Amino acid sequence: MKTIMTILGARPQFIKAAMVSRIINDNSELREILVHTGQHFDSNMSDVFFSELEIPKPTHHLGISGGSHGAMTGRMIEQLEAVMQKEAPDWVMIYGDTNSTLAGALAAAKLDIPVAHVEAGLRSWNRRMPEEINRVLTDHIATLLFTPTDTATKNLLQEGISGEKIFQVGDVMYDAALYYGERSEKQSRLLTDLSLERGRYILATIHRQENTDDPDRLKNIFLELQKVAYSIPVVLPLHPRTRKYLEAAEFNKLTTGLVLLSPLSYLDMALMERCAAVIVTDSGGVQKEAYFHGVPCVTLRDETEWIELIELSWNRLVPPNSGEIAEKILATIGTQGENARIYGNGDAAKMIVEQFCEKR
């Protein structure tokens, strides 16, 4: 029996791992050890995801959060190395582009444990983004690279990574959207609780460092969202990072007129995404979720790793310092992109697990 150690730390990773873990646990040839670094420590960004998505309780919870990128990543590497030495897994599996991702890859590589990277090959081409550094380094460490799209596969090949390591499987978040989408309609009552109508509100999420840590960008984003709120309700589940910087800059008045919520559970968030008129975000995962639910998206960043969504007109890229954010959001209401299937057939998790079974 092969042992796979899965390293998790942040909301998007919980969603992806839920689909893959379900397949692993049904396979008699494999067993999984879950390690939660603690990178997302808020109960609504961590604990509730494990219960809602029926993810097994982590075997190890490291409780590492806060601090600088270097300090956090360093502490993770140190503790992950000790866990790997104790458990001696056959594989280490990591997801996405967080500090937990890079720490897991580095700790495993130093111990000569093969690494599998789910959601490999993404590139924003902005090396100032911590996530870009994480994903590039991780891809060049990994033994198995599971890509979600044609573009991601081409990126790896152009960087000289052997095609024998690359397996294009589609996107496990698409698997999750299909699996949990209908469940959210049955189980979430958030729309009713907030007295909102389908297609009659904007859903916004802001959390990226380049937006939250820059007072000018943060101020402009919220001023523009306030303009939108004069025409249509703007619902904003507030990330702990964003709340912290709003308070530090004394920007609390900039949230007047917005419907502020605590971070949402996965099913509540899925329902809010499915029923929004437009989704406004700086999140990589939420851009895709908007597309999965057939909702147009406005991304408040200077670039995106999901360029396919721009090309298909499902997503519009608007710089956070632009004075046209409100205008672009309102103009996006009622629009649709091209009909295309670019993230696989909803069986990415199955294809990933099959590769572990084939490896000797």
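As a reminder, the structure under discussion sits directly above these lines.
Figured I'd write up the structure that's included with this text. This is a predicted model, so every value here is computed, not measured. (Residues numbered from 1 in each chain as written. Predicted model: local features only at pLDDT ≥ 70, side-chain atom pairs only at ≥ 80, totals over all residues. Heavy atoms only, no water.)

A short note on the nonpolar core
In this structure, Val 20, Met 93, Ile 352 and Phe 356 are the most contacted members of the largest nonpolar core, which totals 46 residues. For this core, the element with the highest residue contribution is helix H1 (residues 11-25), accounting for seven residues. Discounting residues that sit within four places of it in the chain, Ile 352 has contacts with Val 20, Met 93, Val 118, Phe 146, Val 169 and Val 172. (Core = buried A, V, L, I, M, F, W, Y, C linked by side-chain atoms within 4.5 Å. Buried < 20%, exposed > 50% of the residue type's maximum accessible area, 1.4 Å probe, protein only. Helix = DSSP H or I, 4+ residues; strand = E, 2+ residues; numbered from the N terminus. Contact = heavy atoms within 4.5 Å.)

Overview of the sheet that holds strand S3 (residues 60-61)
Strand order in the open sheet formed by seven strands is S3-S2-S1-S4-S5-S6-S7, and the pairing between neighbours is parallel. Where the open sheet ends on each side, the last strands, each with one partner, are S3 and strand S7 (166-168). Where strand S5 (residues 115-118) meets strand S6 (residues 144-147), three bridges bridge the pair, whose relative direction is parallel. Directly across from Ala 116, in S6, lies its bridge partner Leu 144. Set on the sheet, H1 makes contact with strand S1 (2-8), strand S2 (30-36) and strand S4 (91-95); between it and S2 the angle comes to about 155°. Most of the contacts of helix H6 (residues 150-158) go to S7, to which it runs at about 170°, and overall it touches S6 and S7. (Pairing = 2+ DSSP bridges. Axes fitted to C-alpha atoms, helices over the stretch in contact; angles between N-to-C directions.)

Focus on H1
The terminal C-alpha atoms of H1 lie 21 Å apart, and with 15 residues this matches the ideal 21 Å at 1.5 Å per residue to within 8%. Of all the 15 residues making up H1, eleven are buried; the element is thus mostly covered by neighbouring parts of the structure. Residues of H1 that are buried: Arg 11, Gln 13, Phe 14, Ile 15, Lys 16, Ala 17, Ala 18, Met 19, Val 20, Ser 21 and Ile 24. (Expected span 1.5 Å × (residues − 1).)

Remarks on unusual backbone geometry
The residue Glu 54 is not glycine, and still its phi comes out positive at about 60°. The residue Glu 54 is located in the loop between helix H2 (47-52) and S3 in this model. One non-glycine residue, Ser 195, lies in positive phi territory at about 55°. By relative accessible area, Ser 195 is classed as exposed at 65%.

A few points about the environment of Tyr 266
Relative to the assigned elements, Tyr 266 resides in helix H12 (residues 266-275). On a C-alpha basis, the gap between Tyr 266 and Gly 63 in space is 21 Å, while along the polypeptide they are 203 residues apart. Sequence-distant contacts of Tyr 266, that is, excluding residues within four places in its chain, are made with Arg 11, Ile 15, Phe 49, Glu 52, Leu 53, Ala 176, Ala 177, Tyr 180 and Glu 289.

A short note on the packing of helix H4 (residues 99-110) against helix H5 (residues 130-141)
Packing of H4 against H5 brings their axes to within 9 Å, and their N-to-C directions diverge by 30°. Between H4 and H5, the crossing angle belongs to the class labelled roughly parallel. H4 and H5 meet at a crossing whose hand is left-handed. Here Asn 99, Thr 101, Leu 102, Ala 105, Leu 106 and Ala 109 of H4 come into contact with H5, specifically with Asn 134, Leu 137, Thr 138 and Ile 141. Taken together, the residues of the contact of H4 with H5 break down into six nonpolar, four polar and no charged. (Parallel < 35°, antiparallel > 145°, perpendicular 65-115°, else oblique. Left-handed = near helix turned anticlockwise from the far one by under 90°. Nonpolar A, V, L, I, M, F, W, Y, C, P; charged D, E, K, R; others polar.)

Considering the pattern of salt bridges
Under the definition given, this model contains 20 salt bridges. One salt bridge connects Asp 97 with Arg 135, and the closest N-O pair in it is separated by 2.6 Å. Taken together, the positions of Asp 97 in the loop between S4 and H4 and Arg 135 in helix H5 put the pair 38 residues apart, joining distant regions of the chain. Both residues of the pair, Asp 97 and Arg 135, belong to the buried class. (Salt bridge = Lys/Arg side-chain N within 4 Å of Asp/Glu carboxyl O.)

Quick word on the packing of aromatic side chains
Following the criterion strictly, the structure yields eleven aromatic pairs and no others. With a centroid separation of 6.3 Å and an interplanar angle of 40°, the aromatic rings of Phe 146 and Phe 167 are classed as tilted. Of the two residues, Phe 146 is situated in strand S6 and Phe 167 in strand S7; the sequence distance between them amounts to 21 residues. With relative accessibility at 1%, the residue Phe 146 sits in the buried group. Taken together, a centroid distance of 5.5 Å and an interplanar angle of 80° make the contact between Tyr 180 and Tyr 266 edge-to-face. On the criterion of sequence distance, the pair formed by Tyr 180 in helix H7 (residues 172-187) and Tyr 266 in helix H12 is long-range, its members being 86 residues apart. According to the relative accessible area criterion, Tyr 266 is buried, its value standing at 4%. Cluster of aromatic residues (ring-pair linked, three or more members): Tyr 174, Tyr 291, Phe 292, Trp 306, Trp 314 and Tyr 343. (Phe/Tyr/Trp six-rings, centres within 6.5 Å; stacked < 30°, edge-to-face > 60°.)

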